[in-house]
Amino acid sequence: MATENTDIEQLVDRKYRHGFITDIESETLPPGINEDVIRFISDKKNEPEFLLNWRLKSFRYWQTIKEPDWAKLHHSPIDYQDISYFSAPKQATDAPKSMDEVDPKLLETYDKLGIPLHERARLAGVAVDAVFDSVSIATTFKGKLAEAGVIFCPFSEAVQDHPELIEQYLGTVVPYRDNFFAALNSAVFTDGSFVYIPKGVRCPMELSTYFRINEAKTGQFERTLIIAEEGSHVSYLEGCTAPMRDENQLHAAVVELVTMKDAEIKYSTVQNWYPGDEQGRGGIYNFVTKRCDCRGANSKVSWTQVEAGSAITWKYPSCILRGDNSVGEFYSVAVTNNLQQADTGTKMIHIGANTRSTIISKGISAGRAQQSYRGLVKIFPTAENARNYTQCDSLLLGDQCGAHTFPYMEVKNPTAIVEHEATTSKIGEDQLFYCRQRGLSEEDAVNMIVNGFCKDVFRELPMEFAVEAQALLNVSLEGAVG
Amino acid sequence: MKLNIKDLHVSVAGTEILKGLSLAVSSGEVHAIMGPNGSGKSTLAHVLAGREGYEVTRGSISYNGADLLDMAPEERAWAGIFLGFQYPIEIPGVNNTYFLKAALNAKRKHLGQPEIDAIAFLKLVREKSELMEIDQKFLKRSVNEGFSGGEKKRNEVFQMSVLEPVLAILDETDSGLDIDALKIVANGVNTLRSDDRAFVLITHYQRLLDYIQPDFVHVLAEGKIVRTGDKSLALELEDQGYDWVTTGT
Amino acid sequence: MSTRTPSTDFDASLYRQASENLGRKFPATDWLSPLRGKALARFSNGGFPTIRDEDWRYTSLKRVARRSSALLHPASQQEQSAEHLISSSDLVHRILPGLAEITMVFVNGMYQPDLSSAPAPDSGLIISTLGALKKEEQSSLLARLETFTGTDDCRVNAFSTAFLTDGLVIDVLAGATVSAPVYVVFLNHGNTVGSHPRILMRLAANSSASLVEHHLSETDSLTSGITQIECADHASLTYLKLQQEHDSAFHLASQHISLAKDSSVQAINLDLGAGLSRNGLTVHMNGEHAEARLHGLFIANGTSHIDNHTLVEHKAPNTQSSEVYRGVIDNRGRGVFNGRIVVHQKAQKTNAQLTNANLLLSPGAEIDTKPELEIYADDVKCSHGSTVGRIDNNALFYLRARGIPEDEAKQLVIRAFGNEIVMAIPIPQLHEPVTDLLTARLEQSDDEPGLSA
């Protein structure tokens, strides 16, 4: 049975499998941040003036504010002057026109990660954008998507080809003043993915982006923008890995989603950044702002996340349910082990009438890890008949770890119904005994029970991504039989 | 198969429950263990399966010559011991069929056999589920989750039929069953009866024994077997209650 | 936890003057002056908390801060006499019937022997007031009062201590079973009064006793009281706090209950009044097998702002807590609930449950609720749940189908929702009178805010 169900075992007691370093020559800025660095990045990407100005405004604002300290996270201070804000593999040409021009070492890197970018070996039915340190190195199936009118390209390419869309939407969901890390990202972001689904189009394939941090002493600051026009539909997945290094590296991303009337975005994340070693050395500091603005009536967004990596995770994918009847969903599995810390959850902001939201959060804490669920459900006076249901469950493996739950509910409409339930416990001894009586080893029994515990979230991951999710995280969707 | 329990004393949280129980079971035999509530019937079942929290203070259990008390619960399962739980445990999110396949393969792996292939397994499951009149939809649900009391018990006997144990201990598998379910369960047990398999049926009522003919009936009272006889002993118990066998012990 | 953010309109000198005056005004408790001085220094470091403090994000004390210095000058002793009270106010008629055996009445923060009835000498109880303590008793008590203000970070507790003028010291003797509840009534009589009462209670080993704390006021007043209760091994405590302050009154209170091995508490908190009320209840489960059962009900109607913060600290193994709080929020009222459970690493085999259910009845009403679990031990069973909803339409329809008019049916359902908490009071003779108080409070919902007395 072990073949099918080792995922959690490997999550909880894992040897990090993506910790290799790609030996590639890179162009890397020396550490430090100032207006010149921002001008350099903007110039490097040949950006229009509005974007440079926006970056500078963000930077100036960022300098006036402090890191947030309300999360239940502890880490040594981050020296923002000791991080390099730009690193890109050197290429023969500035931007590879076809896969043949991409450095074979990069292609090999993605092969090793289980994400072949070659024409022949490509994942069927899935378009991939591969972001390596600060730049996107390849995007597959662009032509096929263009036929449907779908734009799927690196963010920096969208700035060149569709500046009007960027100017119209950038920063409208997550303004640069939103928080410390969003402001930093707005100042120094380098690349990411851009998706535009035109009116009435159901994106013909799954879209995905793989983020890889490779270079030492660099931060990754990607920016993703997805716009789903009226009546459109798209499913998007991101995966993240990084080499094993003794130092902490910063990842501060911003993801902005916009759904118009009757549009739907399904956004899935398999986050497996390097978590640090057993003594808590190294690992990625993952400070991410993700938000969807459901602008149109009957629009829907669904966030599914499997958070397994990172030394520190600070992440609250949110839904602004502005359109009447709009729907927000958040499904999360977070696994922390050793000295990992995660403070993660969601915000459901109900503004429109009949808006509905569902939150399912499953936390597994092991070793000396500390994990918190933090969520906000806010019902505005305008949100007639709004509904929220929240279920947060935590499982503790070992007596040195912690699991914490901090849900905020703010309700200002008497027709709303908001329900929150949370439980914390260890694995049931009777369940373990039952499994062992049937012949399962204790380890297999634990794996099986933990998998069952996460099932409500795992089944939300798109089937098309099952293979990749396994490759990235070695997580199977449990229960292949039956 | 030979199970030999000698002078077994077992305490739970400092209270002695079994106080010198002896019992021998061999292949081909069906033993019924009856007794009033609190006599130690379930304790015996749990000790045989290796549940934690039961302290053996004296006595021994040998199983095919090996010391059963030295074996982990899963090792006992691999050696053919099956416990039908009085209160089968729910495991949310774990598919019933998947669970069974994992259990079967764990045992096969231990025996050095290859994993069962998907087609053979599905065939086996279909065959056994028909025998136990298990609705296919239950196979797709999580282990015991949302099952009624009777469905859980049928699921236990269904699992037993797939795992084909050498020694099956059924702990009050008859309780909470209506007459139709009882017949199905009994039919399942009778079908599995063979010369190389033994059953220990733990029950409060003799009703089950109308459908499964035991070779031996033991009366357990205050931690000991106080009386052993054949089927007629069960009928006497039914008539006169437990008092007449337990008085004076 | 909370970072200190100074209030902008804070003038420390006003508070200093008022605190220093107390010694002169009330010579009997002049021995408290050093304690008051220290607490004042603590409070002066920033004044009242602001909504930038996480623990106060939903409750602004701006209104209190603006009024508090005016409310700090308690009237002199003569004006607070029982005679004056009886002739000029109906407050005394609101004292609950059925608890007459041991009644301790305070008016504007000062003990009133004429209105009180002390326990019989053989009751197993020793009760004295801070003003009547012998000199040799004062120093040990000072230590107890100080331990508390020294370890507690909350500036509101420091505020209360800085203006402490009187209070009760209750000792339940070892092995005593005191059947009659100790009924303590705090009346704020007249306009513009402030009181800062303290109750210090100790239950010795194997004893059991009940404490009922009742707050009543007439108009513009401020109560900031602290209740400290220690239960020794195998002690058993019943505690009811009933807050019925005036719609323009401020009520800032905290209770700190510590439980030793095998001791237990059953606490009920009822908020049926006040313009702004904040109640902080902390239970320290220090000994193995300690048990706490907590209930609460708050009615925020008119323009009331009712905030309840509870904290249960599981510090020893095999401890159990259960907590049920309910809120009814109507008109332009606002309810705040924060229920925190902390399970420390050595508190294995903890069982902790909390539920908070709220009824939101009108478009101007608001509820902010935040249950919290902080778990550092693994062998635990902890859960919490919070709900916000409206009246169950099915229940309403059922009642209407039986011929009950809609309005009446609504009232019936709301009353039933609150009454389940009232029925949890383990002092049966209080069920009827408290149910009546609840009904009366709920009926005020229909009135214009501020007009109900």
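Above this text you will find the structure in question.
Because the structure is predicted, anything quoted here is derived from the model rather than measured.

A. Helix H2 (residues 35–44) of chain A, seen in detail. Residues and elements named next belong to chain A. Turning to H2, its buried residues are Val37, Ile38, Ile41 and Ser42. The buried residues of H2 all sit within an arc of 130° when viewed along its axis, so they share a single face. Pointing more than 90 degrees away from the buried face of H2 are the exposed residues Asp36 and Asp43. Lining the buried residues of H2 we find helix H3 (49–64) and helix H8 (180–188). The positive-phi residue at the C-terminal boundary of H2 is Asn46, with phi of around 55°.

B. The arrangement of the pattern of salt bridges in detail. Summed over all chains, the structure comprises 52 salt bridges over all chains. As a salt-bridge pair, Asp262(C) and Lys261(C) come within 3.6 Å of each other at their nearest N and O atoms. Connected through shared salt-bridge partners, Lys412(A), Arg334(C), Glu366(C) and Asp368(C) make up one network.

C. Spotlight on helix H8 (residues 406–422) of chain C. Residue and element names in this part refer to chain C. Its 17 residues give H8 an end-to-end C-alpha distance of 24 Å, which sits within 8% of 24 Å, the value for a rise of 1.5 Å per residue. Among the residues of H8, Ala409, Val413, Ile414, Phe417, Gly418, Asn419, Ile421 and Val422 are the ones counted as buried. Of the surrounding secondary structure, the elements contacted by the buried residues of H8 are strand S12 (264–271), strand S14 (291–300), strand S16 (320–329), strand S18 (351–360), helix H7 (393–401) and helix H9 (431–443).

D. Highlighting the packing of aromatic side chains. Applying the stated criterion across every chain yields a total of 33 aromatic pairs over all chains. Pairing Tyr325(C) with Phe337(C) gives two aromatic rings, centres 5.2 Å apart and planes at 35°, and the pair type is tilted. With Tyr325(C) in strand S16 and Phe337(C) in strand S17 (residues 334–343), this pair connects stretches of sequence that are 12 residues apart. In this structure, Lys362(A) is placed above the aromatic ring of Phe453(A), and the distance from its NZ or CZ to the ring centre is 5.1 Å. Against the face of Tyr434(A) rests Arg438(A), its NZ or CZ located 4.6 Å from the ring centre.

E. Region of interest: the sheet that holds strand S1 (residues 2–12) of chain B. Residues and elements named next belong to chain B. Here 4 strands make up an open sheet; going across it, the order is S2-S1-S4-S5 and the pairing antiparallel. With one partner strand each, in any of the chains shown, strand S2 (15–26) and strand S5 (66–67) form the two edges of the open sheet. As judged from the 8 bridges shared by S1 and strand S4 (residues 54–63), these two strands associate in the antiparallel manner. By the bridge assignment for S4, Leu3 is matched with Tyr63. With respect to the sheet, helix H1 (residues 41–49) is in contact with S1, S2 and S4, its orientation differing from that of S1 by roughly 115°.

F. Quick peek at the interface of chain C and chain A. Contacts between chain C and chain A engage 35 residues on the former and 34 residues on the latter. In this assembly, chain C packs against chain A so that about 2700 Å² is buried in total across both faces, 48% of it on carbon and sulfur atoms. The three residues of chain C that bury the most area against chain A are Asp378(C), Val388(C) and Arg390(C), which together make up 21% of that side's buried surface. Along the contact surface separating chain C from chain A lie 3 salt bridges. Linking chain C with chain A are 17 residue pairs in polar contact (both at pLDDT 80 or more), by the criterion used here. Where the side of chain C that touches chain A is concerned, the elements lending two or more residues are strand S19 (366–375) and strand S20 (381–389) of chain C. Top contributing element to the side of chain C that touches chain A by residue count: S19(C), with 10 residues. Taken together, the residues that form the side of chain C that touches chain A break down as 14 nonpolar, 10 polar and 11 charged.

G. Focus on the interface of chain B and chain A. Counting residues at the interface gives 36 residues for chain B and 27 residues for chain A. Between chain B and chain A, a total of about 2700 Å² is buried, with carbon and sulfur atoms accounting for 62% of that surface. On the chain B side of the contact with chain A, Glu74(B), Ile89(B) and Tyr98(B) bury the most area, a combined 23% of that side's loss. In this structure, the connection of chain B to chain A is made through 2 salt bridges. In this structure, the salt-bridge partner of Arg436(A) is Glu74(B), at a minimum N-O distance of 2.6 Å. On inspection of chain B and its partner chain A, the count reaches 12 residue pairs in polar contact (both at pLDDT 80 or more). For the side of chain B that touches chain A, the elements supplying multiple residues, two or more each, are H1, helix H2 (73–78), strand S6 (81–84), strand S7 (91–95), helix H3 (96–110) and helix H6 (149–163) of chain B. In terms of residue count, the dominant contributor to the side of chain B that touches chain A is H3(B) (8 residues). Residue composition of the side of chain B that touches chain A, by class: 21 nonpolar, 8 polar and 7 charged.

About the cut-offs
- Per chain, the residues get numbers from 1 upward, laid out in the order the sequence is written.
- Lettering for chains starts from A, numbering for ligands starts from 1, and both go in the order in which the items are written.
- Reporting of local features is limited, given that this is a predicted model, to residues whose pLDDT is at least 70; pairs of side-chain atoms are given and counted only at 80 or more, and all residues count toward the totals for whole chains, interfaces and linings.
- Side-chain numbers here rest on the full set of heavy atoms in the structure, without hydrogens or water.
- The cut-offs for exposure are 20% and 50% of the maximum accessible area for each residue type, with area from a 1.4 Å probe on protein chains only; residues under the lower value are buried, those over the upper are exposed, and the others partly exposed.
- Strands here are runs of E lasting at least two residues and helices are runs of H or I lasting at least four, both read from the DSSP assignment and numbered beginning at the N terminus.
- Along the arc lie the directions from the helix axis toward the C-beta atoms.
- Note on contacts: a residue pair is in contact if any heavy atoms of the two residues lie within 4.5 Å.
- By convention in these notes, a salt bridge is any Lys or Arg side-chain nitrogen within 4 Å of a carboxyl oxygen on Asp or Glu.
- Multiply 1.5 Å by the residue count of a helix minus one, and that product is the helix's expected span.
- Ring pairs are drawn from Phe, Tyr and Trp, using the six-membered ring of Trp, whenever the two centres fall within 6.5 Å, and their geometry is named by plane angle: stacked under 30 degrees, edge-to-face over 60, tilted for the rest.
- Both a distance and an angle decide whether a charge sits over a ring: NZ of Lys or CZ of Arg must be within 6 Å of the ring centre and within 35 degrees of the ring normal.
- Any two strands with at least two DSSP-identified bridges between them are counted as paired.
- Axes here refer to lines fitted to C-alpha atoms; in helices the fit is confined to the stretch in contact. Angles between the N-to-C directions go from 0 to 180 degrees.
- We define buried area as the total accessible area lost by two parts upon association, computed with a 1.4 Å probe and summed across both.
- Two N or O atoms form a polar contact when they lie within 3.5 Å of each other; inside protein one atom must be a possible hydrogen donor and the other a possible acceptor, and for residues adjacent in sequence the pair counts only when both atoms belong to side chains.
- The classification used treats Ala, Val, Leu, Ile, Met, Phe, Trp, Tyr, Cys and Pro as nonpolar, Asp, Glu, Lys and Arg as charged, and all other residues, Gly among them, as polar.

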